Amino acid sequence: MNIYEYQRLVGKIEDIPALKEEFITLYDTKSHREMVQFCLVFGQHLIEKTGFEPCHEMRAAFEAMQRWLDGKTNYHEARNLSLEISRIAKFEKDPAKVKFLRTQAQIAASPHTKYHGLWATDFAVTMINKLFPGDLEEVRKEREAQIKLLKEI
């Protein structure tokens, strides 16, 4: 599987290819640990951006991710919570919130493998596509925010 072509599960993405490529170039310079740090910050950014209330499993996943960063647990705890967040998404009716939950599930899975941090950013763009249909300026803002957050790690 080409990790940069995660289209099948993400769905159609109305994106800005140059900004996605800039993110990927930066992503390639980061370690697995740095991507998990990014994901913690990115998850909070998305909560603030959307105003969606994080579920218990999401908050627990952020705590598990921090424990992984601190060397106090393996990746299983966060990955299992990721699966729970994905299950919650199956019952959600609001398409934007479904994308939000799927993005948060990818974020929570980041201790499992670095790629989940990359894929979370594509899922987030599909969420922006649902929140702001046809608005590439909002997509631009989100991609630029992702780049800025990753540069700060």
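Here we summarise the structure given alongside this text.

Reading the values: the criteria
Per chain, residue numbering runs from 1 following the sequence as it is written. This being a predicted model, a pLDDT of at least 70 is required before a residue's local features are given, and a value of 80 or more before pairs of side-chain atoms are given or counted; all residues contribute to the totals for chains, interfaces and linings. Each side-chain value is derived from all of the structure's non-hydrogen atoms; neither hydrogens nor water enter the calculation. The term salt bridge refers to a pairing of a side-chain nitrogen on Lys or Arg with a carboxyl oxygen on Asp or Glu at a separation within 4 Å. Segments assigned H or I by DSSP are reported as helices when at least four residues long, segments assigned E as strands when at least two residues long, and all are numbered from the N terminus. Relative accessibility thresholds used throughout: buried, under 20% of the residue-type maximum; exposed, over 50%; partly exposed, between the two (1.4 Å probe, protein chains only). Polar contact criterion, stated in full: a pair of N or O atoms within 3.5 Å, where within protein one must be able to donate a hydrogen and the other to accept it, and residues adjacent in sequence count only if both atoms are side-chain atoms. All axes are obtained by fitting lines to C-alpha atoms, using only the stretch in contact for helices, and the reported angles, taken between N-to-C directions, cover 0 to 180 degrees. Every angle not falling under 35 degrees, over 145, or within 65 to 115 is termed oblique; those three ranges are roughly parallel, roughly antiparallel and roughly perpendicular. By definition, any crossing whose near helix is turned counterclockwise from its far helix by less than a right angle is left-handed, and any crossing with a clockwise turn is right-handed. Any two residues having at least one pair of non-hydrogen atoms within 4.5 Å are treated as being in contact.

Under the counting rule described, the total for this entry stands at 10 salt bridges. One salt bridge connects glutamate 138 with lysine 49, and the closest N-O pair in it is separated by 3.8 Å. Of the two residues, glutamate 138 is situated in helix α8 (residues 136–151) and lysine 49 in helix α3 (residues 32–50); the sequence distance between them amounts to 89 residues. The class for glutamate 138 is buried, based on a relative accessible area of 13%. Connected through shared salt-bridge partners, Asp15, Lys20, Asp122 and Arg143 make up one network.

Once that is clear, we can look at the side chain of aspartate 122. Take aspartate 122: it is sitting in helix α7 (residues 115–131). Separated by 3.1 Å, the side chains of aspartate 122 and lysine 20 make a polar contact.

The next thing to look at is the packing of α3 against helix α4 (residues 56–69). Viewed as axis vectors pointing N to C, α3 and α4 meet at an angle of 155°, and their least axial separation amounts to 10 Å. By the angle between their axes, α3 is roughly antiparallel relative to α4. Here the hand of the crossing between α3 and α4 comes out left-handed. Here α3 contributes His32, Arg33, Val36, Gln37, Cys39, Leu40, Gly43, Gln44 and Ile47 to the contact with α4, which in turn contributes Phe62, Met65, Gln66, Trp68 and Leu69.

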